[in-house]
Amino acid sequence: MAMSEAMSSLSGRFAEDGTHRYPLRVYYEDTDAGGIVYHANYLRFAERARTEMLYLMGFRQKAMAEGSGDVTGVSFAVRRLTIDFDAPAKLEDTLEVETRIVDIRGASFAVAQVIRRDGRVLARADLQLVTINRTGRAVRLPEPVKAAMETLHAKQSSSTPA
């Protein structure tokens, strides 16, 4: 496998319906003393999946924050989050985080994320993220990011979620 293919596979993949799918394994560091994933780590899993989705879309968080290319000095902050836990993940489980864009506004966007093990839903998270500048003020989504998200959202919206 070529290096670029290996790096791409680390970022997960886009399914035919545009849903981003990010696989991960539960490590010892993710669990409590009983071998169950500590609740806050689901947020880490979801963050990694969103970051990798952006990566596959061609947007690097570090470059965006530094202001390279068409995207000048922005990052994303979680404004709102709700999470429902249905079943626990355990040490050495293989999970998949599914991410769909559900809304795009001037300065924010919303995603729905589902964490599964062997197709079984373990947790569902709904997030609203806001675009902020280096001083922490809300700013509009950069046009290249917004356009890419709108394209992906349209593809996801034309398919029924699994």
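As the structure is a prediction and not an experimental result, all values here were calculated from the model. (Residues numbered from 1 in each chain as written. Predicted model: local features only at pLDDT ≥ 70, side-chain atom pairs only at ≥ 80, totals over all residues. Heavy atoms only, no water.)

Colleague: I'd love a proper account of unusual backbone geometry, names of residues and values included.
Modeller: Positive phi, normally seen in glycine, also occurs at E92, with a value near 75 degrees. Considering the arrangement of structural elements, one finds E92 in the loop between strand 3 (75-85) and strand 4 (94-104). The exposure class assigned to E92 is exposed, which follows from its relative accessible area of 60%. Even without being glycine, D118 reaches a positive phi, approximately 50 degrees. As for its position among the elements, D118 is in the loop between strand 5 (108-117) and strand 6 (120-132). D118 gets classed as exposed once you look at its relative accessible area, which sits at 78%. (Helix = DSSP H or I, 4+ residues; strand = E, 2+ residues; numbered from the N terminus. Buried < 20%, exposed > 50% of the residue type's maximum accessible area, 1.4 Å probe, protein only.)

Colleague: Summarise the side chain of E98; cite the residues concerned and give the values.
Modeller: Looking at the element boundaries, E98 is found in strand 4. A polar contact is formed between the side chain of E98 and the side chain of R21, at a distance of 2.9 Å. A polar contact of 3.5 Å, which involves the side chain of E98, links it to the side chain of R116. (Polar contact = N/O pair within 3.5 Å; in protein donor to acceptor, adjacent residues only side chain to side chain.)

Colleague: Please provide a residue-by-residue account of the side chain of Q128, values included.
Modeller: With respect to the helices, strands and loops of the structure, Q128 is situated in strand 6. In this structure the side chain of Q128 is engaged in a polar contact, spanning 3.3 Å, whose partner is the side chain of S108. Those residues in contact with Q128, other than ones at most four positions away along the chain, are A77, V78, R79, R80, S108, F109 and A110. (Contact = heavy atoms within 4.5 Å.)

Colleague: Give me the pairing of strand 4: which residues, what numbers.
Modeller: Bridge count between strand 2 (residues 20-25) and strand 4: six bridges; the pairing is antiparallel. The residue of strand 4 that forms the bridge with P23 is E96. Pairing of strand 4 with strand 5 involves eight bridges; the strand directions are antiparallel. Bridged to R100 within strand 5 is A112. Linking strand 4 to strand 5, which pair antiparallel, is a turn of three residues. (Pairing = 2+ DSSP bridges.)

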